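Observations on chain architecture
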Amino acid sequence: MYPDTLAFPFLGTEIYAYGLCLLAGTFLGLGILYRLSRKRNLMPAAALTGFLALPLGLILARLLFVFGDPIFRPYLSFANIFNLRTGGFAMYGALAGAVLGALFSARANRVKAARVLDILAPALMAFLIPARLGEGFTVLGISRPLTTPWIAGSFLARREPFEAYLRTYALEAFVALVLLIILLFALKRYRRPGNVFLMGCLLYSITQTLMESLRFDGHLRLSFVGIQQVLSAVLFSAALIVLAVRALKKPGGKALPVLSLILLPLIIAGAIAVEFMIDRSPIGKLPAYGLYLLLLAIPLGLGMLLFRREGA
C-alpha cells in the first residue's frame, strides 16, 4: 500500500526503516519505564507492563487503523486485518494498548494503577521520539503543500520535485522530547498518584490536536478532520473535566473549575470552526494556525491553573 516507504533486504526478507525506529522507541521507552520503576519499588509491575504493552499496543494500533482508515476500506478483509505487511497502524491504539497493559499489571501486582501510569507516561513520550522520526522514512507525517516561502526554504521543509511540505513528524518528535522532560520533572514534584499521567494526557492531547491538524497525509482522515485529532480533543476534554470536578469537590473558590467546564464546549466548537477555516477558507494558513494556537492555549492554561490550585 505504501511503495514509497524506505525498506531494504535482510536475510531473505524486507526490513522497513520505520519498523527499526519503532523498535528503537520501544527499547527507549522500556528502558525509562524500568529505570523509573526501580526508584519506586515498582519493578515487577513495570516488567509485566512492558510485556503486555507490546502485544496489546500492536493489536489495538492495527485494529484502530483497519476499522478507522478510509484508504484501507477497499482492502478490508479478515486476511488483510492480520497481514501486517500491508501497512497501517494508529498511534493512539499503540498508546492505549500500553495503558491497558499497565492497568492489568497493576491489578496483578496489587499496586495502585495510578502509580504505574505515572511512570508509564514519560516512557510513552520516550517511545514517541524515535517512532515519530521514523515517519520520515514513509509517506506519513507531512503537511499540506507549503505556500510560505521562508518555511518552504527552511530545515523544517521536506522538499519534493514540485512541492515542499512541513516535516510534521519532526515537530512531533521534538514535542515528545519536551513532554518527556516536563513529565520527568513532574515525577519529582507531584505527590498525588495519577497526577503525572493526567498531566501527560492533557499536554500530549492538546499538542497532538494541533499536530494532527498540521498533518495532511490521508492517514485516518475523514473529510477535513482526522480520527486521531478527534481522539486528542476527547482526551484533553476528559483530562480537564477530571481536574475541574476534583476542584469542585474541594473547599475553596469554585470560579476556576466552573469557568473551565463552561469554556470547554466553546473551545471544541472554536477548534472545529478553525479547522474548517484552515481547510476551506481563503484566509492564509499562518493566521489560522496562530488563532489555533491561541485557542488551544486556553485549555492548557486552565489545566495548569487547576494543577497549581490542587497543590499536586
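This section reports on the structure supplied with the text. Quick caveat: nothing in here was measured; it's all calculated off a predicted structure.

Once that is clear, we can look at the side chain of T168. Inspection of the secondary structure assignment puts T168 in helix α7 (residues 168–189). With relative accessibility at 0%, the residue T168 sits in the buried group.

We now examine the pattern of salt bridges. For the structure on display, the rule yields 6 salt bridges. As a salt-bridge pair, R215 and E172 come within 2.9 Å of each other at their nearest N and O atoms. With R215 in the loop between α8 (195–214) and β6 (221–222) and E172 in helix α7, the pair connects residues that are 43 residues apart, well separated along the chain. For the pair R215 and E172, a shared accessibility class is recorded, and that class is buried. Between D217 and R215 there is a salt bridge whose closest N-O contact spans 3.0 Å. Across this residue pair, the class does not change: D217 and R215 are buried. Residues joined by salt bridges that share partners form a network here, namely R132, E135, E172, R215 and D217.

As a further point, take helix α11 (residues 285–310). Over its 26 residues, α11 runs 38 Å from end to end, which matches the ideal 38 Å to within 8%, given 1.5 Å per residue. When we look at burial in α11, the residues that qualify are A288, Y289, Y292, L295, L296, P299, L302, G303, L306, F307 and E310. Buried residues in α11 make contact with β3 (142–145), α8, α9 (227–249) and α10 (255–280).

Bringing the packing of aromatic side chains into the picture now. Both the distance between ring centres and the angle between the ring planes are used here to describe each pair of aromatic rings. Overall, the coordinates contain 4 aromatic pairs when judged by the stated rule. Ring centres of Y289 and Y292 lie 6.3 Å apart, and the angle between their planes is 15°; this geometry places the pair in the stacked category. Of this pair, Y289 and Y292 both sit in helix α11, 3 residues apart, which is roughly one turn of that helix. With respect to burial, Y289 and Y292 carry one shared label: buried. Across from the ring centre of F89, 5.8 Å away, lies the NZ or CZ of R62, which sits over that ring.

Pairing is antiparallel in the open sheet, where 3 strands are placed in the order β3-β5-β4. With partners counted over all chains shown, the strands left at the sheet margins are β3 and β4 (157–159), one partner each. Each strand axis lies, on average, 35° off the axis of its neighbour in the sheet, ignoring direction. Bridge count between β4 and strand β5 (residues 164–167): 3 bridges; the pairing is antiparallel. What sits directly across from R159, in β5, is A164. Docked against the sheet, α7 engages β3, β4 and β5, running at close to 15° with respect to β5.

About the criteria used
Residues numbered from 1 in each chain as written. Predicted model: local features only at pLDDT ≥ 70, side-chain atom pairs only at ≥ 80, totals over all residues. Heavy atoms only, no water. Helix = DSSP H or I, 4+ residues; strand = E, 2+ residues; numbered from the N terminus. Buried < 20%, exposed > 50% of the residue type's maximum accessible area, 1.4 Å probe, protein only. Salt bridge = Lys/Arg side-chain N within 4 Å of Asp/Glu carboxyl O. Expected span 1.5 Å × (residues − 1). Contact = heavy atoms within 4.5 Å. Phe/Tyr/Trp six-rings, centres within 6.5 Å; stacked < 30°, edge-to-face > 60°. Lys NZ or Arg CZ within 6 Å of the ring centre and 35° of its normal. Pairing = 2+ DSSP bridges. Axes fitted to C-alpha atoms, helices over the stretch in contact; angles between N-to-C directions.

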